Amino acid sequence: MMQNNMNVDESLYIIQPPQRVSDGSYINSIEKYKELYNESINSPITFWGEQANKFLTWFSPFTDVSIGNLSQGDIGWFLNGKLNVSYNCIDRHLQENRDKVAIIFEGDEPNRVQKITYYELYLQVCRLANLLLSLGVKKGDTVAIYLPNTPDAIYSMLACARIGAVHSVIFGGFGVEAIISRIEDSHSKIIITADEGMRGGRSIPLKKNIDSAVYHCKFVEKVLVFKNTGGNIQWNAEKDLWAQEAMQEQRPYCPPVQMDSEDPLFLLYTSGSTGKPKGLLHTQAGYLLYAAMTHRYVFDYRDSDIYACVADVGWITGHSYIVYGPLCNGATTFIFEGTPMYPNASRYWDMIERHRITQFYTAPTAIRSLMKFSVDMVEKHDRSSLRVLGSVGEPINPEAWRWYNQYVGQGQCAIVDTYWQTETGGHIITPLPGATPTKPGSATLPFFGIQLAILDPQTGQLQEETKSEGVLVLTQPWPGMARTIYKSHSRYLDTYMRPYPGYYFTGDGVSRDQDGYYWISGRVDDVINVSGHRLGTAELESALVGCSSCAEAAVIGYPHDIKGQGILAFVTLKHGYQEDEQTITLLKMEVRNTIGAFATPDRIIITPSLPKTRSGKIMRRILRKIASNESSPEQLGDLSTLAEPETVQYLINKVKSN
Ligand code: WT7
């Protein structure tokens, strides 16, 4: 993980919220935050019941606020309430805000801009919902969505929500194998895709990847294809259908289905430390409430704002903070197909100026790559519209935090470093713009209703001192939490509820300073975080072993200037293969094709053997140290349990010379 400068105690630096941000904000002092926070913890039933009635429109009221506990993993919220998420995100805004812009879309090329009003959004979603119904999609069916980051993705998600179908968005950067494993697991008979995506001036063959996946997944019945680039694609007359054309034949009114609070809303696959990706399941009311509420308070969202999250809808950030949170709040939400570097490194700042963006939400990896350029790239654009700058996906190092604050925000914006996970549905540790004094590198304090604790990783013992460190857990359920892993509830319990009984386990290491501020240090399991993308080392290893040359692989993360963590693979080769450039290229290609370009290993080290215990277990702890250049004998510690200690010296030399 990115290390803080060891000579500086970052926890002592405190930055007060700028006056211009506090003025008029919902929560405008730390005292007010504490008051509301205490209320949310002391009377959760009253608190959440009130919020659910304030933020959501119900077709019929819930009878109980919550049920279940973390020990049992039988959690439900707002029981027996009936609502529809697409109704909450669209219909209810029509009366007063029919012509308000709901979506500003900017394509990969800066001149491709489209503004979609709430009424236009409504018509598109209704047409697509009716089209899905006409194809036989029923409540509870899963629909896979593999689209570029365009409004079509938003239409698709909301169309599913309208008819009670469960969407499963597959990030457009995933390759064929990753698509196959996801649509097989969710058994999606309908796939929504586009001809191609565009990123940084390059096209991405989405339909082609779907064709390969469909070839394996015979149960797929229809592929709806949105035209995005107009590029050439193969056409399978039996299964393929042009989405826009077919939508034109549908009636632009589709009644929203009444859903139960606890009916599934979507699946989103994410990597764990072992095995194949987990299909985390989020439900209707609790998720929507939590996304909307965090969106409103964490970005201090107000009616006339132009709110921009530049993530991809393929990740939870896009689900909660491009689509569900903002639209539930009736916001103007921005969706961006491209990259921060195209056509040049001013793209973000240029968009902020042109659209008068008020909240801007991105990832530390983007900030780190942009701070390498002259500040002139930032300063030549007017950023005076900005009030809140958000960061998400990985710990933000203090240097990047300060650059973001000083150069992008001109010291006039609140920086919100938001810590959360696919599993949490929304932010769980975060500053509030007008209220929370910040410290660069700390996600600060828990959101309303979130109760945190720190445990000793080995003994599970509660760390009661304010200043302490260990693993981060939550002690009470919250409405936004994932309810299960699709078709694997026991895996859900094993992963989150059983490691420390009675608690929800985040998988992250953390420390808490003298002021009670939380500092996330990163994953304590075999999950790595590359540019804010979560990858399981086991998945990467199994992709490598799929290559004909590879006998065995061990993958670990190592500190990387831009990406946060880079991917280093230690590989032993099968007989008859030798270490040369071609072998290494093929290994990298294998991972790229199997998982996706973002998972390509940065470095591959070929070795005759891997450090193992005498019982044959790969000693990752040692590999991690070698990769981080912490390979002095004191740093490596006890090697006496190794089967072949000489392997370690071999690898130390090789990593240094590579
Ligand atoms: C993991 C979750 C949450 C949306 C994007 C990633 C790391 C995320 C922060 C942050 C430190 C962070 C954690 C977490 N993480 N945000 N602000 N500070 N670490 O979602 O793919 O589910 O990954 O990302 O390690 O467990 P995800």
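Treat the numbers as computed from the prediction; the structure is a model and nothing was measured.

**Topic: the overall build of the chain**
Scanning the chain from terminus to terminus reveals 21 helices and 30 strands. Compactness check: the chain gives a C-alpha radius of gyration of 24 Å against a globular reference of 26 Å for 658 residues, within 12% of the reference. With the C-alpha coordinates of the chain rotated into their principal frame, the extents come out at 75 × 65 × 55 Å. By residue count, 61% of the 658 residues in the chain fall in the buried class. Sequence-distant contacts, at least 24 apart, represent 72% of the contacts inside the chain between residues at least 6 apart. When the accessible surface of the chain is split by element, carbon and sulfur atoms take 48% of a total near 24900 Å².

**Concerning the packing of aromatic side chains**
Tallied over the entire structure, the rule returns 42 aromatic pairs. Taking 5.8 Å as the distance between ring centres and 90 degrees as the angle between the ring planes, the aromatic pair formed by Trp 315 and Phe 598 counts as edge-to-face. Remark: Phe 598 occurs in the loop between α18 (581-594) and β30 (603-606) and Trp 315 occurs in the loop between β16 (306-309) and α11 (316-328); sequence separation between them is 283 residues. Here Trp 315 matches Phe 598 in class, with each residue buried. Considering the side-chain rings of Trp 478 and Tyr 504, the 5.2 Å spacing of their centres and the 80 degrees angle between planes classify their relative orientation as edge-to-face. Placement of Trp 478 in the loop between β22 (468-474) and β23 (484-485) and of Tyr 504 in strand β24 (residues 504-512) is noted, with a sequence separation of 26 residues between them. Tyr 504 carries the same exposure label as Trp 478, and that label is buried. In this structure, Arg 182 packs its charged tip against the face of Phe 174, placed 4.1 Å from the ring centre. The positively charged end of Arg 402 is found above the aromatic ring belonging to Tyr 13, 5.4 Å away from the centroid.

**Overview of the pattern of salt bridges**
Taken as a whole, this structure holds 29 salt bridges when the rule is applied. The salt bridge involving Asp 300 is made with Arg 387; its shortest N-O contact spans 3.8 Å. Here Arg 387 lies in the loop between α14 (376-379) and β19 (388-392) and Asp 300 lies in the loop between α10 (285-298) and β16, a separation of 87 residues in the sequence. On the accessibility criterion, Asp 300 (1% relative accessible area) is buried. For Arg 387, a relative accessible area of 10% corresponds to the buried category. Residue Lys 439 pairs with Asp 515 through a salt bridge whose shortest N-O separation is 2.6 Å.

**A closer look at helix α3 (residues 44-55)**
Its twelve residues give α3 an end-to-end C-alpha distance of 16 Å, which sits within 8% of 16 Å, the value for a rise of 1.5 Å per residue. If you check which residues of α3 are buried, you get Phe 47, Trp 48, Gly 49, Gln 51, Ala 52 and Phe 55. Elements in contact with the buried residues of α3: α2 (30-42), β1 (64-67), β2 (76-79), α4 (85-97), α10 and α11.

**Focus: the site of the ligand**
As a matter of local geometry, the ligand sits amid 17 residues, with Asp 417, Thr 418, Thr 422, Asp 508 and Arg 534 nearest to it. At a separation of 3.1 Å, a nitrogen atom of the ligand approaches a polar backbone atom of Gly 393. Between the ligand and Asn 529 there is a distance of 3.4 Å, counted from an oxygen atom to a side-chain nitrogen or oxygen. For the ligand, whose accessible area on its own is 550 Å², the fraction buried by protein is 96%. Of all elements in the fold, only α11, β20 (414-418) and β25 (518-523) reach the threshold of two or more residues within the shell around the ligand. Of the residues in the shell around the ligand, the class split is six nonpolar, six polar and five charged.

**Overview of the nonpolar core**
Counting 160 residues, the largest nonpolar core has Phe 78, Leu 121, Leu 158, Tyr 324, Phe 448, Leu 544 and Val 571 as the members making the most contacts within it. Top element by residues in this core is α10. It accounts for ten residues. If near-sequence neighbours (up to four positions away) are discounted, Phe 78 is found in contact with Trp 48, Ala 52, Trp 58, Phe 62, Asp 64, Val 65, Ser 261, Ala 285, Gly 286, Leu 289 and Pro 479. Within the second largest apolar cluster, 28 residues are counted, among which are Ile 306, Phe 360, Ile 367 and Ala 400.

**Observations regarding the pairing of β16**
Residues Ile 306 and Ala 308 of β16 are buried on one face, and the alternating residues Tyr 307 and Cys 309, pointing to the opposite face, are buried as well. Here β16 runs beside strand β17 (residues 332-336); their pairing, made up of three bridges, is parallel. Directly across from Ile 306, in β17, lies its bridge partner Thr 332. In this region the chain leaves β16, passes through α11 and returns to the parallel neighbour β17; the handedness of that crossover is right-handed. Note: β16 against strand β18 (residues 359-362), three bridges, orientation parallel. What sits directly across from Cys 309, in β18, is Tyr 361.

**Observations regarding the UniProt feature "domain: AMP-binding enzyme C-terminal" (unreviewed entry) in the chain**
The positions UniProt marks with the feature "domain: AMP-binding enzyme C-terminal" (unreviewed entry) are residues 539-617. End C-alpha to end C-alpha, residues 539-617 measures 17 Å, and it is 27% helix and 32% strand.

**Quick notes on unusual backbone geometry**
Of the consecutive residues Tyr 342 and Pro 343, the connecting peptide bond is found in the cis state with omega at -5 degrees. Here Pro 343 lies in the loop between β17 and α12 (347-355). One non-glycine residue, Asn 80, lies in the positive phi region at around 65 degrees. You can see Asn 80 is positioned in the loop between β2 and β3 (82-83).

**Here we look at the sheet that holds strand β14 (residues 264-270)**
Strand pairing in a sheet relies on backbone hydrogen bonds. The paired strands run either parallel or antiparallel. Taken in spatial order, the eight strands line up as β12-β11-β8-β6-β7-β14-β15-β23 in an open sheet, and their pairing is mixed. The two strands at the open ends of the sheet, each matched to only one other strand, are β12 (240-242) and β23. With four bridges joining them, strand β6 (residues 142-146) and strand β7 (residues 166-169) adopt parallel strand pairing. The residue bridging Ile 145 from the neighbouring strand is Val 169, located in β7. Against the sheet, helix α7 (residues 176-186) makes contact with β6, β7, β8 (190-194) and β14, and its axis sits at roughly 145 degrees relative to β14, the strand it touches most.

**A look at the packing of α4 against helix α6 (residues 151-163)**
Running from amino to carboxyl end, α4 crosses α6 at an angle of 115 degrees, the nearest separation of the two axes being 7 Å. By crossing handedness, the relation of α4 to α6 is classed as left-handed. On the side of α4, the interface is formed by Val 85, Ser 86, Tyr 87, Cys 89, Ile 90 and Asp 91, while α6 contributes Leu 158, Ala 161 and Arg 162. For the contact of α4 with α6, the per-class residue count stands at six nonpolar, one polar and two charged.

**Topic: the sheet that holds strand β21 (residues 452-455)**
Strand order in the open sheet formed by four strands is β21-β22-β24-β25, with antiparallel pairing between adjacent strands. The sheet terminates laterally at β21 and β25, the two strands that pair on one side only. Averaged over all neighbouring strand pairs, the angle between strand axes comes to 45 degrees, with direction disregarded. Where β24 meets β25, five bridges bridge the pair, whose relative direction is antiparallel. The partner of Val 510 across the bridge, within β25, is Ile 520.

Conventions and cut-offs
- Sequence order sets the numbering: in each chain, residues are counted from 1 along the sequence as written.
- Only residues with pLDDT of at least 70 get local features here, since the model is predicted, and only at 80 or more are side-chain atom pairs given and counted; chain-wide, interface and lining totals rely on the full set of residues.
- No hydrogens and no water enter the side-chain calculation; it runs on all heavy atoms of the structure.
- Put simply, DSSP marks the helices as runs of H or I at least four residues long and the strands as runs of E at least two long, and each gets a number from the N terminus on.
- Throughout, the radius of gyration refers to the C-alpha atoms, and the reference size of a globule is 2.2 Å times the residue count to the power 0.38.
- Accessibility here uses a 1.4 Å probe with only protein chains present; expressed as a share of the type maximum, an area under 20% marks a residue as buried, one over 50% as exposed, and anything in between as partly exposed.
- The criterion used for residue contact is that any of the two residues' heavy atoms lie within 4.5 Å.
- Per-residue accessibility takes into account occlusion by the displayed protein chains alone, with areas from the Shrake-Rupley method and a 1.4 Å probe.
- Side-chain rings of Phe, Tyr and Trp (the six-membered ring for Trp) are treated as a pair once their centres are within 6.5 Å; stacked means planes under 30 degrees apart, edge-to-face means over 60, and tilted covers the remaining angles.
- Cation placement over rings: the criterion is NZ of Lys or CZ of Arg within 6 Å of the ring centroid and within 35° of the ring normal.
- Here a salt bridge means any side-chain nitrogen of Lys or Arg lying within 4 Å of a carboxyl oxygen belonging to Asp or Glu.
- Any helix carries an expected span of 1.5 Å times its number of residues minus one.
- Proximity criterion: a residue is near a molecule or strand once any of its heavy atoms comes within 4 Å of it.
- Two N or O atoms form a polar contact when they lie within 3.5 Å of each other; inside protein one atom must be a possible hydrogen donor and the other a possible acceptor, and for residues adjacent in sequence the pair counts only when both atoms belong to side chains.
- Any residue outside Ala, Val, Leu, Ile, Met, Phe, Trp, Tyr, Cys, Pro, Asp, Glu, Lys and Arg is labelled polar, Gly included; the first ten of those are nonpolar and the last four are charged.
- In this description, a nonpolar core means a group of buried Ala, Val, Leu, Ile, Met, Phe, Trp, Tyr and Cys residues linked to one another through side-chain atoms lying within 4.5 Å.
- A strand pair is defined by DSSP finding two or more bridges across the two strands.
- A right-handed crossover is one whose linking path, passing over the helix from the first strand to the second, runs clockwise when the strands point away from the viewer.
- UniProt positions are given in the numbering used here, feature names are shortened, and annotations may be inferred rather than shown by experiment.
- To get an axis, fit a line to the C-alpha atoms, keeping to the stretch in contact for a helix; angles then go from 0 to 180 degrees between the N-to-C directions.
- For any pair of crossing helices, the crossing counts as left-handed if the nearer helix is rotated counterclockwise from the farther one by less than a right angle, and right-handed if it is rotated clockwise.

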